[in-house]
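# Examination of the molecular architecture
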Amino acid sequence: MPRLRKNPLPKEASASRLKFAEQLRAERHRQKLTLEDLAERSGLTWSYISQVERGIRNISIDNQDALARGLGVTLKELL
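Residues numbered from 1 in each chain as written. Predicted model: local features only at pLDDT ≥ 70, side-chain atom pairs only at ≥ 80, totals over all residues. Heavy atoms only, no water.

Once that is clear, we can look at the pattern of salt bridges. In the structure shown here, the tally under the stated rule is 5 salt bridges. Here R28 ties to E53 by a salt bridge, and the two come within 2.7 Å at their closest N and O atoms. With R28 in helix α1 (residues 15-30) and E53 in helix α3 (residues 46-53), the pair connects residues that are 25 residues apart, well separated along the chain. For the pair R28 and E53, one class covers both residues: buried. Residue D65 is joined to R69 by a salt bridge in which the shortest nitrogen-to-oxygen separation is 2.9 Å. With D65 and R69 both in helix α4 (residues 61-71), this residue pair falls 4 residues apart, about one helical turn. For D65, a relative accessible area of 31% gives the class partly exposed. What makes R69 exposed here is its relative accessible area of 57%. Residues participating in the shared-partner salt-bridge network are R25, R28 and E53. (Salt bridge = Lys/Arg side-chain N within 4 Å of Asp/Glu carboxyl O. Helix = DSSP H or I, 4+ residues; strand = E, 2+ residues; numbered from the N terminus. Buried < 20%, exposed > 50% of the residue type's maximum accessible area, 1.4 Å probe, protein only.)

Dropping the structure here:
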């Protein structure tokens, strides 16, 4: 009998996740910040932020808030 995978392939990203990713990247570019700059400001890693911006990572509300604070905007503005 075949073994079931513990981590099935991820589902396609939701429209909400992709919209957040788009807004995050646009605001970061508007402020002329690098991934490294935002990582330092938010306390998250640049590779994590990159995955968020590409819609790969399903981000928690706490990390969304950290990114918003790192950009100096409200979370509502990114959503």
